[in-house]
Amino acid sequence: MLDRDRDSHLRRAIWIGLGAATAASVSLGIALFVTVGDLHGRSRELVEGLIMWTAAGVLTYVLWWMGKRSRESSGALRTEARAAIGAGSALALLGLVFLTVFREGAETVLYLGAASATTPIGEIGKGAATGLLAGTVGGYAVYRGGTRILDPRLFFRATTLVLLVFAAGLVGRATLLLQATNVFPGTIRVWDTSGAVSDGSPAGAALSALVGYTARPSLLQLIFMLGYLALVLTLYARPTGTGFRPIGIDYAHPLYRILRARALQRSVRLAMAVLLALLLVVGLLRLPVGPFDNRGPLRLGRFAATEDENNLFEFALWVVWLPLLSIATLLLARVWCGNLCPLRLVTEGTRRLADRLRLGRGTTTTHAVRMGWLLPSAFILVTFAVKGLPVQQQARAGAWFFVSIIGAAGVVGFCFREGTWCRYLCPIGGWLARIARLSPIALRPDTATCVTCRDKPCLTGTAAAGRCPVALNPSRLETNQNCLACWSCVVNCPLQKAALKVGVRAPGAELLEPRSPNLWESLFVASLLGMYAAVGHRSPALAQIAWPYRFFGLIAAATLVYLLACALAAPIAGVGYRRALSTFGYALLPLEFGTALIAFGDDALEFLHVVQPAAALLLTVGFVWSIVLIVSILRNQSRTPLRAVAAAVPLGLVLVSVLFIWLHWYAGGVVVDIT
């Protein structure tokens, strides 16, 4: 542009701005290196860690900016330059050049400062000089090229991956430094590769500078690196839609032949009912079965659990059934509720008995019950009883407890309309309903076909299967929450339509926006974080507090923290407070599920001697998954991306606090001085 206009005073402004920005960047670098060089020990580690986190933050912005403006960045810069040239303002052009170059120079200073924690200053100088020379040559070539600049989109895409890996390395190394200074809690080491590539070797030093390599990384270091990658990729890619892919094109697929075989499903449910009855007899009568002789704690060969009585009922219930139920729901949605749970047989049986006695269709559930507050309340009260009474320690007490739940289900089935227990009152179903939202398996309608269907057999029911047991409209189904996965609608759907199909999707896809949010369920997720802390804690101080105060006190504290976090995030995101309460809680669900398995699966984890590795894996996956949901939910709820990032801070602090607490209990360790 300047070559055409022949404005020599404007060309001088460019060089002056370039020189001033370079001098300012060099001065900033000297000041930073002098400051860090005067520090020693823990103070130096702390400052270096903070510099790395700052550099990673700057890189995060750069990555997001590159992803957003890769198509328009050069055009935008040209527009600003043309505006300054058009006005004939040398000062405006000088300011534009200074700010543009100094921004890049300040970023470079931060990156070099971060690299100084792991790389000798001489090597940094050589690398910086080489980079500066290459940048100067490239910049001059661009300057001389003028309007013949190539489209920068390919360049942005190529450098994004490099910057992402480098930034993740900064996050990991900064985490280790802050752990060494006790700012972050110490954790166990994940692995040790020092035998292959040690930290002091040339390869180790190069990998450390480039990707933050550590031969013995801490668990928190790995978690934060993965969390950072998840955060940036979600910001950059912005996943949308459910990605649902149905299995099979029609009901000739072998899967649907199985799902439509009602006799098979009834047989499986009946078999589960018989098995439960036998286990209850074993528990009530304390019958010895094989190696389970009712003497001492639960044991089976080299495996043992100190809390449970050595009874088959205890083994089947707490070691096998409870953890498998949670994992199966995560993988297969509510298959247990629709196809295996004996309580459904009980409620349906008592409902049929009431019909035969001509007692009417049963009481209709009130609006207050349908709001969903009873499910979380029932689950919390059941947990309070299980952990407060010797239900898990004594087989007979546990058996009587389950007999009482079966009795309650029977009474509800007798007095209320069909489906009331499963949808609104069952504590186990209420617990599984939120887990099912994370499942990669779902049942969804082909809406185009369903619109043309007039008789709606999936809604009204047929002689083959009857209507949906929890009164859903399958043709409009968009969430796994209340769907029991009983496949009644699949049976009722005509073969020629085959509009209702089981399929796979990205795990937790329905929570990316989220779809069909529920205020009580969202609050439920947050309050459960406190309940699991009360159940699964390893704190001597908490152990001194009486059980009722500890249990309900931590639930109240977790709920209050969530209310405060939403109060901070809602105005930043630009959404109403009630809407924030109804949606933001789902971002905590994966981490809450991880802590649930640790707290409720403690018998199984202790029995198998895998408490620490299982806890490490669950906390890692849960935290990273929650990061993805936080970013996605806020981007869908907020008015602008900047608001979404700012609103994520209070919720992110909640996540990090929960992570730190559970890591301290289950994966605490010592991080040595690494300088």
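Residues numbered from 1 in each chain as written. Predicted model: local features only at pLDDT ≥ 70, side-chain atom pairs only at ≥ 80, totals over all residues. Heavy atoms only, no water.

K.L.:
Residues and numbers for the overall build of the chain, please.
P.N.:
Along the backbone of the chain there are 30 helices and five strands. The 675 residues of the chain split such that 48% are buried. Counted over contacts in the chain with a minimum sequence separation of 6, partners at least 24 positions apart contribute 80%. Per element, the accessible surface of the chain, about 31500 Å² overall, is 68% carbon and sulfur. (Helix = DSSP H or I, 4+ residues; strand = E, 2+ residues; numbered from the N terminus. Buried < 20%, exposed > 50% of the residue type's maximum accessible area, 1.4 Å probe, protein only. Contact = heavy atoms within 4.5 Å. Areas by Shrake-Rupley, 256 points an atom, 1.4 Å probe, with all protein chains shown as cover.)

K.L.:
Could you give an account of the packing of helix 12 (residues 312–332) against helix 17 (residues 395–415), with specific residues and numbers?
P.N.:
With their axes 9 Å apart at the nearest point, helix 12 and helix 17 run at an angle of 70° to one another. The angle between helix 12 and helix 17 falls in the class roughly perpendicular. Seen from above, helix 12 lies across helix 17 with left-handed handedness. Along its contact with helix 12, which presents Phe313, Glu314, Leu317, Trp318 and Trp321, the element helix 17 presents Ala395, Gly398, Ala399 and Phe402. (Axes fitted to C-alpha atoms, helices over the stretch in contact; angles between N-to-C directions. Parallel < 35°, antiparallel > 145°, perpendicular 65-115°, else oblique. Left-handed = near helix turned anticlockwise from the far one by under 90°.)

K.L.:
Tell me about the layout of surface pockets, and please be specific about residues and values.
P.N.:
To locate leftover empty space, one rolls a probe as large as a water molecule over the atoms. By volume, the second largest pocket amounts to about 860 Å³. Along the wall of the second largest pocket there are 28 residues; nearest its centre are Trp53, Leu231, Ile627, Ala648 and Val649. Elements that contribute at least two residues to the lining of the second largest pocket include exactly helix 3 (41–69), helix 9 (219–237), helix 29 (611–637) and helix 30 (641–666). If you tally residues by element for the lining of the second largest pocket, the top one is helix 30, at ten residues. Along the lines of polarity and charge, the residues of the lining of the second largest pocket split into 23 nonpolar, four polar and one charged. (1 Å grid on protein atoms, 1.4 Å probe; cavity = no way out; pocket = protein on both sides within 12 Å on 5 of 7 lines; lining within 4 Å. Points joined across faces, edges and corners; volume = space filled by probe spheres on them. Nonpolar A, V, L, I, M, F, W, Y, C, P; charged D, E, K, R; others polar.)

K.L.:
Lay out empty space enclosed by the protein with the relevant residues and their values.
P.N.:
Tallied over the full model, the rule gives eight cavities of 30 Å³ or more. Looking at the largest cavity, its volume works out to about 250 Å³. Around the largest cavity, the lining is made up of 17 residues, and of these Trp318, Leu322, Phe379, Val382 and Val386 lie nearest the centre. Within the residue set of the lining of the largest cavity, elements represented by two or more residues are helix 12, helix 16 (374–388), helix 17 and helix 19 (427–436). With five residues, the single largest contributor to the lining of the largest cavity is helix 16. By residue class, the composition of the lining of the largest cavity is 14 nonpolar, two polar and one charged.

K.L.:
Hey, could you go over unusual backbone geometry for me, with residue numbers and the actual values?
P.N.:
Of all residues except glycine, most have a negative phi; of all peptide bonds, most are trans. Going from glutamate 513 to proline 514, the amide bond is cis rather than trans, its omega being -5°. With respect to the helices and strands, the residue proline 514 is situated in the loop between strand 5 (500–504) and helix 23 (519–536). Even without being glycine, alanine 498 reaches a positive phi, approximately 45°. By secondary structure assignment, the location of alanine 498 is in the loop between helix 22 (488–492) and strand 5. According to the relative accessible area criterion, alanine 498 is buried, its value standing at 4%. Phi angles above zero are rare outside glycine, and serine 516 is one such case at about 50°. The residue serine 516 is located in the loop between strand 5 and helix 23 in this model.

K.L.:
Before we move on, could you go through the confidence of the model for the chain and cite the residues and values that matter?
P.N.:
Considering every residue of the chain, the mean pLDDT works out to 82; 76% of them sit at 70 or more. Segment residues 84–88 is flagged for pLDDT under 50; beyond a separation of four residues in sequence, or across chains, it makes ten contacts in the model. (pLDDT = per-residue confidence, 0-100.)

K.L.:
How would you sum up the sheet that holds strand 5? Please name residues and give values.
P.N.:
Spatially, three strands are ordered 1-5-4 in an open sheet, and the strand pairing comes out antiparallel. The outermost strands of the open sheet, each flanked by one partner alone, are strand 1 (245–246) and strand 4 (441–445). Examined bridge by bridge, strand 1 and strand 5 share two bridges and lie antiparallel to one another. Following the sheet pairing, arginine 245 is matched in strand 5 by valine 504. (Pairing = 2+ DSSP bridges.)

K.L.:
Summarise the pattern of salt bridges; cite the residues concerned and give the values.
P.N.:
This structure, assessed with the given rule, holds eleven salt bridges. The partner of aspartate 355 in a salt bridge is arginine 351, with the nearest N and O atoms 3.2 Å apart. Of this pair, aspartate 355 and arginine 351 both sit in helix 14 (residues 342–356), separated by four residues, roughly a single helical turn. Where salt bridges share partners, they join Arg437, Arg444, Arg505, Glu510 and Glu521 into one cluster. (Salt bridge = Lys/Arg side-chain N within 4 Å of Asp/Glu carboxyl O.)

K.L.:
Talk me through helix 9; I want residue IDs and the actual numbers.
P.N.:
The first and last C-alpha atoms of helix 9 sit 27 Å apart over 19 residues, in line with the 27 Å expected at 1.5 Å per residue. When helix 9 is considered as a whole, its buried residues turn out to be Leu219, Leu220, Gln221, Ile223, Phe224, Met225, Gly227, Tyr228, Ala230, Val232, Thr234 and Leu235. (Expected span 1.5 Å × (residues − 1).)

K.L.:
Could you give an account of the nonpolar core, naming the residues involved and the relevant values?
P.N.:
Membership of the largest hydrophobic core comes to 144 residues, with the highest contact counts inside it found for Tyr532 and Phe584. A total of 13 residues in this core trace back to one element, the largest contributor, which is helix 30. By size, the runner-up hydrophobic cluster in this structure holds seven residues, among which are Leu298, Ala305, Phe315 and Phe607. (Core = buried A, V, L, I, M, F, W, Y, C linked by side-chain atoms within 4.5 Å.)

K.L.:
How would you explain the environment of leucine 231 if you had to name every residue and give the values?
P.N.:
Within the secondary structure, leucine 231 sits in helix 9. Sequence-distant contacts of leucine 231, defined by excluding residues within four places in its chain, comprise Thr60, Ile627 and Val631.

K.L.:
An account of the packing of aromatic side chains is needed here, citing residue identities and associated values.
P.N.:
Tallying each qualifying case throughout the model produces 25 aromatic pairs. Ring geometry for phenylalanine 224 against phenylalanine 623: centres 6.0 Å apart, planes inclined by 40°, an arrangement best described as tilted. Highlighted residues: phenylalanine 224 in helix 9 and phenylalanine 623 in helix 29, separated in sequence by 399 residues. Taken individually, phenylalanine 224 and phenylalanine 623 each receive the classification buried, so the pair is uniform in this respect. Members of the aromatic cluster, joined through ring pairs, are Phe313, Trp318, Trp321, Trp336, Phe401 and Phe402. (Phe/Tyr/Trp six-rings, centres within 6.5 Å; stacked < 30°, edge-to-face > 60°.)

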